[in-house]
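Chain by chain, the residues run as shown.
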Amino acid sequence: MNEPNNTQEMKQVLEAALLTSSEPLSLDDMLKLFAGRMERATLRMLLDELKNEWQVDQVKSTMELVQVASGWRFQARSEYVQFLARLTPERPQRYSRAAMETLAIIVYRQPVTRGDIEQIRGVAVNPNIMRSLQERNWIDVVGHRDVPGRPALYATTRTFLDDLNLRSLSDLPPMEAFTQQDMQLQL
Amino acid sequence: MNEPNNTQEMKQVLEAALLTSSEPLSLDDMLKLFAGRMERATLRMLLDELKNEWQVDQVKSTMELVQVASGWRFQARSEYVQFLARLTPERPQRYSRAAMETLAIIVYRQPVTRGDIEQIRGVAVNPNIMRSLQERNWIDVVGHRDVPGRPALYATTRTFLDDLNLRSLSDLPPMEAFTQQDMQLQL
Amino acid sequence: MIVPASGARVHGEVIAELPHDLYIPPDALEVYLEAFEGPLDLLLYLIRKNNLDILDIPMADLTRQYMGYVEKMREHKLELAADYLLMSAVLIEIKSRMLLPKHADIEQEEDPRAELVRRLMEYEAIKLAAQRLDEWPQVGHEIIVARAYYEQIVETQPPAVSLDDLMAAWKSVLERAGHFKHHRISREELSVREHMSQILRRLKEHKMLEFSALFDVANDGLSKLVVCFLAILELAREGLVRITQQEAYTPIYLQINQAD
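The rules behind the values
Residues numbered from 1 in each chain as written. Chains lettered and ligands numbered in written order. Predicted model: local features only at pLDDT ≥ 70, side-chain atom pairs only at ≥ 80, totals over all residues. Heavy atoms only, no water. Helix = DSSP H or I, 4+ residues; strand = E, 2+ residues; numbered from the N terminus. Expected span 1.5 Å × (residues − 1). Buried < 20%, exposed > 50% of the residue type's maximum accessible area, 1.4 Å probe, protein only. Contact = heavy atoms within 4.5 Å. Buried area = accessible area lost by both parts, 1.4 Å probe. Salt bridge = Lys/Arg side-chain N within 4 Å of Asp/Glu carboxyl O. Polar contact = N/O pair within 3.5 Å; in protein donor to acceptor, adjacent residues only side chain to side chain. Nonpolar A, V, L, I, M, F, W, Y, C, P; charged D, E, K, R; others polar. Axes fitted to C-alpha atoms, helices over the stretch in contact; angles between N-to-C directions. Parallel < 35°, antiparallel > 145°, perpendicular 65-115°, else oblique. Left-handed = near helix turned anticlockwise from the far one by under 90°. Pairing = 2+ DSSP bridges. Phe/Tyr/Trp six-rings, centres within 6.5 Å; stacked < 30°, edge-to-face > 60°. Patch = residues over 30% accessible without salt bridge, like charges linked within 9 Å, V, L, I, M, F, W, Y side chains within 5 Å. Areas by Shrake-Rupley, 256 points an atom, 1.4 Å probe, with all protein chains shown as cover.

**Section: helix H5 (residues 97-109) of chain B**
All names here are of chain B.
Turning to step 1, where the next piece is worked out: In this model H5 runs 18 Å from its N-terminal to its C-terminal C-alpha over 13 residues, within 8% of the 18 Å that 1.5 Å per residue would give.
Turning to step 2, where the next piece is worked out: By the criterion of burial, H5 is predominantly enclosed, with eleven of the 13 residues buried.
Turning to step 3, where the next piece is worked out: Here H5 has its buried residues at Ala 99, Met 100, Glu 101, Thr 102, Leu 103, Ala 104, Ile 105, Ile 106, Val 107, Tyr 108 and Arg 109.

What follows is the structure, encoded as structure tokens:
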């Protein structure tokens, strides 16, 4: 096939790339598909069109084209997930409550040190939790606080956003959503 | 979604499963999708129909459903592969130190025999190095030295000059600049 | 009402045993350590669930009991028991400051409970945020991404070579050979060597060439003619070509030096 020279062919190249890529494709990635012969604005337009071609009422309906933090990807429409789940009985394991609280602190208070996390939770942080979140590439060290010991500052990664189908942290409910009624301490 | 109860829904479940699986799916795998409510013969028929829905002249055309040794999979049609390859460019290779020195000797001392190169470098020349430089058409044989064995005389080619953007070897930066400096260091 | 998520996973009987105050029977300590994520979590539970009135807790008994846990936990989970002990110390400190007679000049001092309330509310918010995150759709669970196959072809690129690479390689050859003083390469010498190769190429094609045919007097400048002449002399010196002339004033011929 020669270089695609109409929008239909261009969308086909995009569709083939997005259906086969194991990672979300950024706009820069997708521009590479056309070896520089594509404007960014045109690419955005083509992606919108391709997204519309994959709708529930269309012939192409099993996937949806979504935009996450690091780019665009196709994913199975949610109504099929229950069936696909039957293929892989063992899924990535869910995290413990301690791990999720640690993650939530990093998400909402980043960048934070282990000391910050311990201060908020009132208990020591299990190093295994930090390790497993790092191994999953959900958090990483973005710097060090300039205090004695220079503790590492942790933040969430793009992979975390991608894995939770987010384009940015602001897609999450704000912290205020979780603030409960004031409490009276009868001390 | 309830259990699929018509062939259209069944094909959609199959399509979603096959597009999201990184490995080919066997018939047994695919039967699991339907929790036992699927005959093997029906499954084969549905796969054939799904295969026909993804044809070059159809709306769904970028993938083809193929049967390989371990099962069925969707794969990008061959005409898109050249574009997808642009997403994962091979890391630029580098010549080994031995190859670069061999090339440098041919450049600066041409025409030279393998024996000349070995004498200058003090080690045997790997024949693969000479072959790969010849295959790239950077060096060729311009004659033979009139000594026993009549060894080939190697020189650089026009292609070499073109690839390095030189009009002639005398466009190479003057070597005196650093050889004199080195001499001072040596003294 | 906030029930600890892990408390919900504990069997019914265990939930019935959740504490009513900060006193934890030593034999149940391990259950509580598992059911709560720490003293903040336990305190939060007690406040939200039981409307705990800390003023009613006999602090002296509580302290003695916590010291007892620490003894028991010395071998394992010591740091967890320490967290609980620290919390009871905080509570006792708050209570003691509350009980102190207020002086007029420190009336502006912050309510000693404010900091604890702030921490409890922050922890509560984080706890809820964590639950929400845990329910959030995740790749591999509620999200399955497309991963169809494609034939990976690699456009093999020959290694890139820059002039700098080439110079560095030559420099290292010279250094190692140790006789670079004799091998200073000038532009002219490079030109000569290039011409040597070109003349050999032509002789390979034509077997024998007339000396004058090697010079393009009409087009080449003087310096190039000189370079060509030097190349012929160098070829002869290195025994690569043979220069012949039948007799004086007859054409001079160049041929590849080949004993045949």
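Next comes the rest of the write-up.
**Examining the interface of chain A and chain C**
Turning to step 1, where the next piece is worked out: The interface of chain A with chain C comprises 52 residues on the first partner and 54 residues on the second.
Turning to step 2, where the next piece is worked out: Interface of chain A and chain C: buried area, both sides summed, is about 4900 Å²; carbon and sulfur atoms make up 62% of it.
Turning to step 3, where the next piece is worked out: At the junction of chain A with chain C, the criterion picks out four salt bridges.
Turning to step 4, where the next piece is worked out: With its nearest N and O atoms 2.9 Å apart, the salt bridge here joins Glu122(C) to Arg109(A).
Turning to step 5, where the next piece is worked out: Our count for the chain A to chain C interface comes out at 13 residue pairs in polar contact (both at pLDDT 80 or more).
Turning to step 6, where the next piece is worked out: If you list the elements that add at least two residues to the side of chain A that touches chain C, you get helix H1 (7-20), strand E2 (71-76), helix H4 (78-84), helix H5 (97-109), helix H6 (114-121) and helix H8 (158-163) of chain A.
Turning to step 7, where the next piece is worked out: A total of ten residues in the side of chain A that touches chain C trace back to one element, the largest contributor, which is H5(A).
Turning to step 8, where the next piece is worked out: Counted by class, the side of chain A that touches chain C contains 29 nonpolar, eleven polar and twelve charged residues.

**Observations concerning the interface of chain A and chain B**
Turning to step 1, where the next piece is worked out: Every contact between the two is made by 31 residues of chain A and, on the other side, 31 residues of chain B.
Turning to step 2, where the next piece is worked out: Taken together, the two surfaces of chain A and chain B that pack against each other cover about 2800 Å², and 68% of this comes from carbon and sulfur.
Turning to step 3, where the next piece is worked out: Per-residue buried area on chain A facing chain B is highest for Phe83(A), Arg86(A) and Leu87(A); these three make up 22% of the total on that side.
Turning to step 4, where the next piece is worked out: Between chain A and chain B we count two salt bridges in total.
Turning to step 5, where the next piece is worked out: At the boundary of chain A and chain B, one finds ten residue pairs in polar contact (both at pLDDT 80 or more).

**Considerations on the packing of H5(A) against helix H7 (residues 127-135) of chain A**
Residues and elements named next belong to chain A.
Turning to step 1, where the next piece is worked out: In contact at an axis separation of 10 Å, H5 and H7 are set at 65 degrees when each is read in the N-to-C sense. Here H5 is positioned roughly perpendicular relative to H7, judged by the angle of their axes. Between H5 and H7 lies a crossing of right-handed hand. Side by side, H5 and H7 meet where Ala 98, Ala 99, Thr 102, Leu 103 and Ile 106 of the first sit next to Ile 129, Met 130 and Leu 133 of the second.
Turning to step 2, where the next piece is worked out: Looking at the contact of H5 with H7 residue by residue, the class counts come to seven nonpolar, one polar and no charged.

**Some thoughts on the sheet that holds strand E3 (residues 252-256) of chain C**
Residues and elements named next belong to chain C.
Turning to step 1, where the next piece is worked out: Read across the sheet, three strands follow the order E1-E3-E2 without closing on themselves; strand pairing throughout is antiparallel. This sheet does not close on itself; its edge strands, each paired only once, are strand E1 (208-210) and strand E2 (241-245). Geometrically, the sheet is characterised by an average inter-axis angle of 25 degrees between neighbouring strands, direction not taken into account.
Turning to step 2, where the next piece is worked out: In this structure, E1 lies alongside E3, joined through three bridges in antiparallel fashion. By the bridge assignment, Leu 209 is partnered in E3 with Leu 254.
Turning to step 3, where the next piece is worked out: Set on the sheet, helix H10 (residues 222-237) makes contact with E2 and E3; between it and E2 the angle comes to about 105 degrees.

**Section: the packing of aromatic side chains**
Residue and element names in this part refer to chain A.
Turning to step 1, where the next piece is worked out: A full pass over the atoms with the stated rule returns eleven aromatic pairs over all chains.
Turning to step 2, where the next piece is worked out: Ring centres 6.1 Å apart and planes at 80 degrees place the aromatic pair Tyr 108 and Phe 178 in the edge-to-face group. With a gap of 70 residues between them, Tyr 108 in helix H5 and Phe 178 in the segment after H8 connect regions that are remote in the sequence. Phe 178 carries the same exposure label as Tyr 108, and that label is buried.

**Here's the deal with a nonpolar patch on the surface**
Turning to step 1, where the next piece is worked out: On the surface, Leu222(C), Val226(C), Phe229(C), Leu230(C) and Leu233(C) cluster together into a nonpolar patch covering about 460 Å² of accessible area.
Turning to step 2, where the next piece is worked out: Here Leu222(C) shows up in helix H10.

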